[in-house]
Amino acid sequence: QVQLVESGGGSVQAGGSLRLSCATPGYPYSVSLMAWFRQAPGKEREWVASIGTGGGSAFYADSVKGRSTISRNSANNTMTLQMNSLKPEDTAMYYCAADLSGGRWYAPHDPRRFDTWGQGTQVTVSS
């Protein structure tokens, strides 16, 4: 089965930036949709951003809109989330998700859309 591998997390001061990446090593086909979710301790998982085939369609949660940019390299199915002006509220475990089958017809922010998930990368933002 295909695995998703996240990287780029770390600890930064408020106002700083991080670039998260998600790779799909070994998968030879195009991925219809990829997304980032995050979950802080004691809180529910929340959607962050999604990007469609070819990178032409991008969607952002209100909490990160204007501060984040999602992109992808369709040639290798690598997705990137550039996060700027980070806030302590951004502290969470960030998970990569992908719709590999293309057969789950849900909205790009709906976790039911995605059939493959990574193990997460931690983002910590201090005041």
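What you see as residue numbers is a count from 1 along each chain, following the sequence as written. Local features in this predicted model are restricted to residues whose pLDDT is 70 or higher, and side-chain atom pairs enter the listing and the counts only when it is 80 or higher, whereas totals over whole chains, interfaces and linings include all residues. As a rule here, side-chain values come from all non-hydrogen atoms in the structure, and water together with hydrogens is ignored.

**Quick word on the pairing of strand β4 (residues 33–39)**
Phase 1 of the analysis: Relative accessibility under 20% of the residue-type maximum defines a buried residue, over 50% an exposed one, and the middle range a partly exposed one, all with a 1.4 Å probe and only protein chains included. Each helix is a run of H or I in the DSSP string that is no shorter than four residues. Each strand is a run of E no shorter than two, and both are numbered from the N terminus. Burial runs high along β4: six of the seven residues are buried.
Phase 2 of the analysis: Strand pairing is defined by DSSP finding a minimum of two bridges between the two strands. Bridging between β4 and strand β5 (residues 46–52) involves six bridges; their strand directions are antiparallel. Bridge pairing in β5 links Ala35 to Ser50.
Phase 3 of the analysis: Hairpin connection between β4 and β5: a loop of six residues separates the two successive antiparallel strands, and Gly42 in this loop has a positive phi of roughly 80°.
Phase 4 of the analysis: Where β4 and strand β9 (residues 92–99) come together, seven bridges link them in antiparallel fashion. Looking at the pairing, Arg38 lines up with Tyr94 of β9.

**Brief notes about the nonpolar core**
Phase 1 of the analysis: Only buried Ala, Val, Leu, Ile, Met, Phe, Trp, Tyr and Cys residues count toward a nonpolar core, and they belong to the same one when joined by side-chain atoms within 4.5 Å. Counting 34 residues, the largest nonpolar core has Met34, Trp36, Met79, Leu81 and Tyr94 as the members making the most contacts within it.
Phase 2 of the analysis: Those elements that provide at least two residues to this core are β3 (18–23), β4, β5, β8 (78–83), β9 and β11 (121–126).
Phase 3 of the analysis: Any two residues whose heavy atoms approach within 4.5 Å at even a single point are treated as in contact. Not counting the four nearest positions on each side in its chain, Met79 is found in contact with Leu20, Ser21, Cys22, Met34, Ala35, Trp36, Ile51, Ile70, Ser71, Arg72 and Cys96.

**Digging into the sheet that holds β8**
Phase 1 of the analysis: A sheet is described by the order of its strands in space; here four strands give the open sequence β1-β3-β8-β7, paired in antiparallel fashion. The strands lining the two open edges of the sheet, one partner per strand, are β1 (5–7) and β7 (68–73). Going from strand to strand, the sheet's axes swing by 15° on average, the running direction of each strand aside.
Phase 2 of the analysis: As paired strands, β3 and β8 are joined by five bridges and run antiparallel to one another. Counterpart to Arg19 in the pairing with β8 is Gln82. The axes are straight lines fitted to the C-alpha atoms, using for helices just the contacting stretch, and the angles between their N-to-C directions are given from 0 to 180°.

**Some details on the packing of aromatic side chains**
Phase 1 of the analysis: Between rings of Phe, Tyr and Trp, where Trp is taken as its six-membered ring, a pair exists when centres lie within 6.5 Å; planes separated by under 30 degrees are stacked, by over 60 edge-to-face, and by other angles tilted. Applying the stated rule across the entire model yields three aromatic pairs.
Phase 2 of the analysis: Plain terms: the ring middles of Phe37 and Trp117 are 4.9 Å apart, the flat faces sit at 50° to each other, and that makes the pair tilted. Within this pair, whereas Phe37 is found in strand β4, its partner Trp117 is found in strand β10 (residues 116–117), the two being separated by 80 residues in sequence.
Phase 3 of the analysis: Geometrically, the ring pair formed by Phe114 and Trp117 is edge-to-face, given 6.3 Å between the ring centres and 80° between the ring planes.
Phase 4 of the analysis: Residue classification places Phe114 among the buried positions, given a relative accessible area of 2%.

**A few points about unusual backbone geometry**
Phase 1 of the analysis: With a phi close to 60°, Asn77 is a non-glycine residue in the positive phi region.
Phase 2 of the analysis: Relative to the assigned elements, Asn77 resides in the loop between β7 and β8.
Phase 3 of the analysis: Of note, the phi angle at Ser85 is positive, near 50°, even though the residue is not glycine.
Phase 4 of the analysis: Its location among the elements puts Ser85 in the loop between β8 and β9.
Phase 5 of the analysis: With relative accessibility at 41%, the residue Ser85 sits in the partly exposed group.

Limitation: the analysis is restricted to geometry and does not speak to function.
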